[in-house]
Amino acid sequence: MYEVGHWINGKQVAGTSGRTADIFNPHTGDVQGRVALASTAELDAAVAAAAKAQVAWGATNPQKRGRVMMALVGLINRDMDKMAEVLSREHGKTIPDAKGDIQRGLEVIEYCIGAPQMLKGEFTDSAGPGIDMYSMRQPLGVVAGITPFNFPAMIPLWKMGPALAAGNAMILKPSERDPSVPMMLAALCKEAGLPDGVLQVVNGDKESVDAILDNETIQAVGFVGSTPIAQYIYSRASANGKRAQCFGGAKNHMIIMPDADLDQAADALVGAGYGAAGERCMAISVAVPVGEATADALIERLIPRIEKLKVGPYTAGSDVDYGPVVTAAAKANILNLVESGVAQGAKLVVDGRNFALQGYENGFFVGPHLFDHVTPDMDIYRKEIFGPVLSTVRAKSYEDALKLAMDHEYGNGTAIFTRDGDTARDFANRVNVGMIGINVPIPVPLAYHTFGGWKKSGFGDLNQHGPDAFRFYTRTKTITSRWPSGIKEGSAFNFKAMD
Ligand code: NAD
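Residues numbered from 1 in each chain as written. Predicted model: local features only at pLDDT ≥ 70, side-chain atom pairs only at ≥ 80, totals over all residues. Heavy atoms only, no water.

Undergrad: For the overall build of the chain, give the residues involved together with the corresponding values.
TA: When its secondary structure is counted, the chain shows 16 helices and 23 strands. Against the 2.2 N^0.38 benchmark of 23 Å for 499 residues, the chain shows a C-alpha radius of gyration of 25 Å, consistent with a compact globule. In the chain, buried positions account for 56% of the 499 residues. Summed over all atoms, the accessible surface of the chain reaches about 20,200 Å², with 52% contributed by carbon and sulfur. For the chain, the distance from the average site of its 48 positive side-chain charges to the average site of its 54 negative ones is 6 Å. (Helix = DSSP H or I, 4+ residues; strand = E, 2+ residues; numbered from the N terminus. Rg over C-alpha atoms; globule rule 2.2 N^0.38 Å. Buried < 20%, exposed > 50% of the residue type's maximum accessible area, 1.4 Å probe, protein only. Areas by Shrake-Rupley, 256 points an atom, 1.4 Å probe, with all protein chains shown as cover. Lys, Arg positive; Asp, Glu negative; His and termini not counted. Charge placed at Lys NZ, Arg CZ, Asp CG, Glu CD.)

Undergrad: Help me get a handle on helix α7 (residues 180-191), residues and values and all.
TA: The terminal C-alpha atoms of α7 lie 17 Å apart, and with twelve residues this matches the ideal 16 Å at 1.5 Å per residue to within 8%. Among all positions in α7, only S180, V181, P182, M183, L185, A186, L188 and C189 are buried. One or two positions beyond α7, positive phi appears at G193, with a value near 110°. (Expected span 1.5 Å × (residues − 1).)

Undergrad: Explain the side chain of K93 to me, using residue names and the numbers behind them.
TA: Along the chain, K93 turns up in the loop between α3 (80-91) and α4 (95-112). Take K93: its relative accessible area is 3%, and that puts it in the buried class. Discounting residues that sit within four places of it in the chain, K93 has contacts with L87, S88, A98, D101, N150, F151 and Y314. (Contact = heavy atoms within 4.5 Å.)

Undergrad: Could you give an account of the packing of aromatic side chains, with specific residues and numbers?
TA: Under the criterion given, the structure shown has eight aromatic pairs. Summarising the aromatic geometry, the rings of F24 and F364 are spaced 6.1 Å apart at their centres and angled 70° between planes, so their arrangement reads as edge-to-face. A residue pair is termed long-range when its members are at least 10 positions apart, and F24 in strand β4 (residues 20-24) and F364 in the loop between β15 (347-350) and β16 (369-372) qualify at 340 residues. You can call F24 partly exposed: its relative accessible area is 29%. (Phe/Tyr/Trp six-rings, centres within 6.5 Å; stacked < 30°, edge-to-face > 60°.)

Undergrad: Describe the pairing of strand β12 (residues 243-247), with residues and values.
TA: Burial analysis of β12 places four of its five residues in the buried class, the great majority of the element. As judged from the five bridges shared by strand β11 (residues 218-224) and β12, these two strands associate in the parallel manner. For G222, the partnering residue across the bridge sits in β12 and is Q245. Read from β11 through helix α9 (residues 227-239) to β12, the crossover connection turns out right-handed. Relative to strand β22 (residues 458-460), β12 is paired through three bridges, and the arrangement is antiparallel. (Pairing = 2+ DSSP bridges. Right-handed = clockwise from strand over helix to strand, strands pointing away.)

Undergrad: Provide a residue-level description of the sheet that holds strand β20 (residues 435-438), including the pertinent values.
TA: What the seven strands build is an open sheet, ordered β15-β16-β17-β14-β13-β19-β20; its pairing is mixed. Of all the strands in the sheet, the pair left with one neighbour each is β15 and β20. Adjacent strand axes in the sheet meet at a mean angle of 20°, parallel and antiparallel pairs treated alike. Bridge count for β15 against β16 is three bridges, and the pairing is antiparallel. Across the sheet, V350 pairs through a bridge with L370, a residue of β16. (Axes fitted to C-alpha atoms, helices over the stretch in contact; angles between N-to-C directions.)

Undergrad: So what's going on with the site of the ligand? Residues and values would help.
TA: In the region of the ligand, 27 residues are neighbours, and T147, K173, E176, S226 and E384 sit closest. One nitrogen or oxygen atom from the side chain of E176 is found 2.6 Å from an oxygen atom belonging to the ligand. Expressed as a share of its isolated accessible area of 840 Å², the protein-covered part of the ligand is 88%. Elements with a contribution of two residues or more to the shell around the ligand: α8 (206-214) and β11. (Near = heavy atom within 4 Å. Polar contact = N/O pair within 3.5 Å; in protein donor to acceptor, adjacent residues only side chain to side chain.)

Undergrad: Explain the sheet that holds strand β7 (residues 131-139) to me, using residue names and the numbers behind them.
TA: Spatially, β6-β7-β23 is the arrangement adopted by the three strands of the open sheet, whose pairing is antiparallel. The sheet terminates laterally at β6 (122-128) and β23 (474-482), the two strands that pair on one side only. The mean angle between the axes of side-by-side strands here comes to 25°, regardless of whether they run parallel or antiparallel. Relative to β23, β7 runs antiparallel, the two being bridged by nine bridges.

Undergrad: Talk me through the domain arrangement of the chain; I want residue IDs and the actual numbers.
TA: Each assigned domain of the chain is listed here: domain 1 (2-248 + 457-479) and domain 2 (252-438). If you look at the interface, domain 1 gives 21 residues, while domain 2 gives 24 residues. Between domain 1 and domain 2, a total of about 1,900 Å² is buried, with carbon and sulfur atoms accounting for 64% of that surface. Of the charged contacts in the structure, one is a salt bridge between R280 and D97, with a shortest N-O distance of 3.0 Å. (Domains from an automatic or database assignment. Buried area = accessible area lost by both parts, 1.4 Å probe. Salt bridge = Lys/Arg side-chain N within 4 Å of Asp/Glu carboxyl O.)

Undergrad: Please set out unusual backbone geometry residue by residue, giving values where relevant.
TA: Phi is positive for A276, close to 55°, though the residue is something other than glycine. Mapped onto the fold, A276 is located in the loop between α10 (262-274) and β14 (284-289). Phi is positive for N439, close to 60°, though the residue is something other than glycine. You can call N439 partly exposed: its relative accessible area is 32%.

Undergrad: I'd love a proper account of α8, names of residues and values included.
TA: Residues of α8 that are buried include every one of S208, V209, D210, A211, I212 and L213, and no others. On its buried side, α8 packs onto α1 (40-59), β8 (142-146), β9 (169-173), β11 and α9.

Undergrad: Describe the side chain of H27, naming the residues involved and giving the relevant values.
TA: Looking at the element boundaries, H27 is found in the loop between β4 and β5 (31-36). The buried category is assigned to H27, whose relative accessible area is 3%. A polar side-chain atom of H27 sits 2.8 Å from a polar atom in the side chain of N25. H27 has contacts with S88, R89, G92, P313, Y314, P324, Y360, G363 and F365, leaving out every residue within four places of it along the chain.

Undergrad: Tell me what's going on with the state of the cysteines, and back it up with residues and numbers.
TA: What the rule picks out here adds up to zero disulfides. The structure places no disulfide on C246, whose sulfur is separated from the nearest cysteine sulfur, that of C281, by 14 Å. For C246, a relative accessible area of 0% puts it in the buried group. (Disulfide = S-S within 2.5 Å.)

Here is the structure:
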């Protein structure tokens, strides 16, 4: 049993609220640790200290901040194996997946080494007689990141990299389900040279989130999590005058055209649907084969592949495809939705309901499920399941398939598998979804592009990482300057064009 406190002013401190949450081992169902849940007073104290530390950090030149990012890259690589082990133990994902989680966060830190380039302003020489005009990007001050359980390394790094490199101080409020890796990352930031107080990790639940939303010093809130909470945070943060970007849930469709390479599509669906037990916001949860013949041929290929999946603990070796889901509540929710699918008339062609793993009977393992003949009115189609459950909706035509993806309330990612360039291009142009894959099932953009969904998958302006992240965590100031040699006409009291 271990205790996770908060990371305040460069060291781990115990919580003082008297409230804690259990950290489960999802493989066994046992409580393995406890995490402190911060009170409003603890959060406010962390913010006040961060505001003090930000003054000097914001005034540090950007290349020095870039160098801290560079050192952090080396340290994360050094500790990759250790962190992946802790991540797998708290989250349940396999070691390769845990390393992928860390790696995709690390890539954003690599991108942030280029902070001086990202923070360069614009300059117009001689905008008028003796007049120059320029803009600069300045940090916002203290900002907050609130992150979900499913990527406990990647998403905290997506938040803290750009925010810190831009000269802000950050309050990171990670998920209370798997808080250890964010704490390890905070310790590495200190080792990389980040001054104490610039990154404060405050663990907690709704109380600390509400305290973030109401704290007057915090200027911006970057959130990732489920849609109802994203919507709540977006409205409360913006009502309090904060900049907010809140990324929510997903229901990602993959359209399989009759001309697609069906073996390739089936392989892609299995990886994208069941990898990380389906607990990815970019997982494919809906397969949309176009035409009955495509659907039959696809299902025929999917069933044996899914039945072969090896579900087990990360300790069981490299051939384990996925591990347990994060909590007993998540498991119950997934199985309830599976029951609703059966009750509402979908055909369960791979039934994982009776899955059991010897020696891990109390763990949160869920067997793989495949539904065929799913219709848009069913709960398994409308709701995000966030588990190893793939639904197949048979479409009559390309237009019907496109309409399905367009009409769904979520719009995070989508993919099309086809050999036809025209169809692929039309799909990419017309579909109202933020990230599109063409023969790529999980189109997660790399660090120097931006990541973000549309519709109920994202609220607020600007995306995560890439140039948008630096825009989100900075504000622009525009300066017009005139020096005495340019003043030829005495005082001007009118508002006139500079010609
Ligand atoms: P969640 O919404 O339950 O929790 C996210 C964060 O919000 C956590 O830090 C949590 O402590 C906090 N929170 C939870 N309930 C709250 C409440 N009532 N008031 C205030 N704060 C609250 O999400 P989760 O279960 O941790 O993560 C899974 C969800 O995140 C899925 O819906 C998934 O699709 C989504 N997700 C989205 C993206 C994306 O980029 N769009 C990426 C990863 C995950």
